[in-house]
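This is what each chain is made of:
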Amino acid sequence: MHYDYLILGSGIAGLYAALLAARHGRTAVVTKGPIEESNTKYAQGGIAAAVGPGDSVATHREDTLRAGAGLCDPEAVDVLAREAPDRIRRLTELGVPFDSDEGRVALGREGAHSRPRILHAGGDRTGDAIETVMVRRVGEAGVDVFDRHAVTRLRIEAGRVAGVEALDPDGRSVLLNAPRTILATGGSGQLYTLTTNPAVATGDGVALAWRAGAVVRDMEFVQFHPTALRLPGAATFLLTEALRGEGALLRTPPGGDRGGRRFMPDYHPLAELAPRDVVARAIATEMRRTGRDHVLLDISHADADFVAARFPGVHQHCLRYELDITREPAPVAPAAHYQMGGVYTDHWGRTTLPGLYACGEVANTGVHGANRLASNSLLETVVFAQRAVEASQRGDAAAPAPAGTIPLGLAGETAPPDRAALQSLLWSNAGIVRDAGGLAAAAAAIDAWGPPPPGLEGATLGNMALVGRLIVEAARRRTDSRGAHYRSDAPAQPADTGDAHLSFVRAGAP
């Protein structure tokens, strides 16, 4: 089957790119789950943009740079902040029902933002609202959808990406050809024991691009969301940062010398609204001190009707477990949330392989640096998805590899015996806190695993092991602490950051 565009992934990045690509030719979306299943669907907080009174593009830019701990690409951040208001307007025109307050768009505040600038829809159901609109619009645009199709290989012809091989729901091989392929496959939270990501977030896009010879960058930076619900028998569930933006406080559990104590003012001047890496490490520290597997997130002091209306998804989810957040605090712990590293792109979504573009969480555009600013993720998808489609119409030039890219030869294709083995290994050795010994042990364990078994799950396990190995290797080589990458054997972040990115390419790649 021949197309002008193949879009891999069906979150906001993929579907927004598909809508734009469909104006220029025959377009198909390929996604390994149902079309509506993606990280976007579970995004609660919202999308950031400087559209409110007293806010500015310059302030949004500065907040993003500050959160990124010295590793943001300033030009990419300029693009993100400058183009944000236009993308919000376009989403509104598509029908995304952003919440309003007395006739004006309602804006929330989240960690490390100096102004309220988070647009939300349905209270804390922003991602679901956006995904619903995008799925409908893609259907109306006549885009072909291959859902439940798992891409197994990017096809290279004459030195460029020319399409994909995939497995259909019955396990049969399918060939899809196109001169332009846009990776929008999302992140890799499923590499860790606790994650806010759905089961489809297994790092497939990074693995596909790596094997094809694309450069990946900043793989050591994995963001752990500070506040995921931690209840016996309950699946990991995100409790949005917007709760803290509306005044929720973090406290230690009752009992002992530190019981019931609000602790975030001890760690950062912004307290509960500090950058995510700071809050996640503070929670981990308090959990070690108290010997508990959680701390408490408390918004019970706020008006109950307001909390129920502003956070209907969180409120109703917790009620299923007989927990009423309007009356009592919720037990929370950090969980893997966002992949800041990924397939390297320039400011137009071009990878280092001709014919291959990337946008969204799978891409490393440089806007997030070492620690993503809250609610810049949905924004990044629409900013760079549009740029990728625009660039693809101007020609097929690839992005040059970053200076200092390291050819990396790994031990070979391996796979864990099951997901739990890899998740446990990375959670313990390459999680919120890392050190040289743990990272070395993780590398040796992954290298010692056998080859992936045949079939879709075997291919997925192979992708997960490869991406986990890239994370470990980058974390081993970054011997300082920066943002979400924290080394207990080198905890101080150096003042001089410079151009200190780690870029890898498969050894022997053309």
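Scroll up to find the structure.
Rules used throughout
Residues numbered from 1 in each chain as written. Predicted model: local features only at pLDDT ≥ 70, side-chain atom pairs only at ≥ 80, totals over all residues. Heavy atoms only, no water. Helix = DSSP H or I, 4+ residues; strand = E, 2+ residues; numbered from the N terminus. Rg over C-alpha atoms; globule rule 2.2 N^0.38 Å. Buried < 20%, exposed > 50% of the residue type's maximum accessible area, 1.4 Å probe, protein only. Contact = heavy atoms within 4.5 Å. Areas by Shrake-Rupley, 256 points an atom, 1.4 Å probe, with all protein chains shown as cover. Polar contact = N/O pair within 3.5 Å; in protein donor to acceptor, adjacent residues only side chain to side chain. Core = buried A, V, L, I, M, F, W, Y, C linked by side-chain atoms within 4.5 Å. Pairing = 2+ DSSP bridges. Axes fitted to C-alpha atoms, helices over the stretch in contact; angles between N-to-C directions. Salt bridge = Lys/Arg side-chain N within 4 Å of Asp/Glu carboxyl O. Right-handed = clockwise from strand over helix to strand, strands pointing away.

Engineer: Mind laying out the overall build of the protein chain, listing which residues take part and the relevant values?
Structural biologist: Looking only at helices and strands, the protein chain has 14 helices and 23 strands in total. For 510 residues, the compact-globule formula gives about 24 Å, and the C-alpha radius of gyration of the protein chain, at 21 Å, lands near that figure. Taken over the C-alpha atoms alone, the protein chain extends approximately 65 × 55 × 45 Å along its principal axes. A buried classification covers 60% of the 510 residues belonging to the protein chain. Put simply, of all contacts in the protein chain between residues at least 6 apart along the chain, 73% involve residues at least 24 apart. With the model as given, the accessible surface of the protein chain reaches about 18200 Å², and the carbon-plus-sulfur share is 51%.

Engineer: Lay out the environment of Asp 324 in plain terms, naming residues and giving numbers.
Structural biologist: Tracing the chain through its elements places Asp 324 in the loop between α10 (312–319) and β18 (330–339). Sequence separation of Asp 324 and Ala 84 is 240 residues, and the distance between their C-alpha atoms is 36 Å. If we ignore the near neighbours within four places in the chain, the residues touching Asp 324 are His 315 and Leu 319. Only 2.6 Å separates the side chain of Asp 324 from the side chain of Thr 326, close enough to count as a polar contact.

Engineer: Give a description of unusual backbone geometry that names residues and reports values.
Structural biologist: Residues other than glycine seldom take positive phi values, yet Ala 69 does so here, at roughly 55°. Mapped onto the elements of the fold, Ala 69 is located in the loop between α3 (57–67) and α4 (74–94). Of note in the backbone geometry, Ala 112 takes a positive phi value of approximately 70° without being a glycine. Tracing the chain through its elements places Ala 112 in the loop between β6 (107–108) and β7 (118–119).

Engineer: Which residues make up the nonpolar core, and what are the values?
Structural biologist: One finds Tyr 192 and Leu 470 to be the most contacted residues of the largest nonpolar core, which totals 58 residues. Considering every element that reaches this core, the biggest residue donor is helix α14 (residues 456–477), with nine residues. Discounting chain neighbours no more than four positions away, the residues touching Leu 470 are Val 206, Trp 210, Val 216, Met 219, Leu 408, Leu 410 and Phe 504. Core analysis: the next-biggest nonpolar cluster, separate from the first, contains 47 residues, Ile 47, Val 79, Val 138 and Leu 379 among them.

Engineer: Could you give me a rundown of the side chain of Asn 371, with the residues and numbers involved?
Structural biologist: Along the chain, the position of Asn 371 falls in the loop between β21 (363–364) and α11 (376–394). Of the polar contacts made by the side chain of Asn 371, one reaches the side chain of Gln 223; its length is 3.0 Å. Non-local contacts of Asn 371, meaning those with residues more than four positions away in its chain, are made with Ala 67, Gly 68, Gln 223, Pro 275, Arg 276, Asp 277, Met 340, Gly 483 and Ala 484.

Engineer: Tell me what's going on with the sheet that holds strand β20 (residues 356–358), and back it up with residues and numbers.
Structural biologist: Read from one edge to the other, the open sheet built from five strands follows the order β8-β2-β1-β12-β20, with strand pairing classed as parallel. Every other strand in the sheet has two partners, leaving β8 (144–147) and β20 as the edge strands with one partner each. Ignoring strand direction, the axes of neighbouring strands in this sheet form an average angle of 20°. With four bridges connecting them, strand β1 (residues 5–8) and strand β12 (residues 180–183) associate as parallel partners. Paired with Ile 7 across the two strands is Ile 182, which belongs to β12.

Engineer: So what's going on with the pattern of salt bridges? Residues and values would help.
Structural biologist: Inspection of every chain in the model, using the stated rule, returns 42 salt bridges. Arg 61 is paired through a salt bridge with Glu 62; the nearest N and O atoms lie 2.6 Å apart. You can call Arg 61 partly exposed: its relative accessible area is 22%. A relative accessible area of 36% means that Glu 62 is categorised as partly exposed. Of the charged contacts, one joins Glu 241 and Arg 244 as a salt bridge, the two residues approaching to 3.7 Å between their closest N and O atoms. The two residues Glu 241 and Arg 244 agree in class, both being buried. Linked by salt bridges that have partners in common, Glu 83, Asp 86, Arg 87, Arg 89, Arg 90, Glu 93 and Arg 387 make up one network.

Engineer: Any chance you could break down helix α6 (residues 204–212) for me, citing the residues and the numbers?
Structural biologist: Burial analysis of α6 places eight of its nine residues in the buried class, which makes it a mostly covered element. Turning to α6, its buried residues number three or more, namely Asp 204, Gly 205, Val 206, Ala 207, Leu 208, Ala 209, Trp 210 and Ala 212. At the C-terminal side of α6, Gly 213 shows a positive phi close to 105°.

Engineer: Hey, could you go over helix α1 (residues 12–21) for me, with residue numbers and the actual values?
Structural biologist: α1 sits mainly inside the fold: 10 of its 10 residues count as buried. Where α1 is concerned, the buried positions are Ile 12, Ala 13, Gly 14, Leu 15, Tyr 16, Ala 17, Ala 18, Leu 19, Leu 20 and Ala 21.

Engineer: Outline the pairing of β1, supporting the account with residue identities and numerical values.
Structural biologist: Side chains Tyr 5 and Ile 7 project from β1 onto one buried face, and the interleaved Leu 6 and Leu 8 project onto a second face that is buried too. Pairing geometry for β1 and strand β2 (residues 27–31), over four bridges, is parallel. Looking across to β2, one finds that Ile 7 is bridged to Val 29. Note on the crossover from β1 through α1 to β2: the handedness is right-handed.

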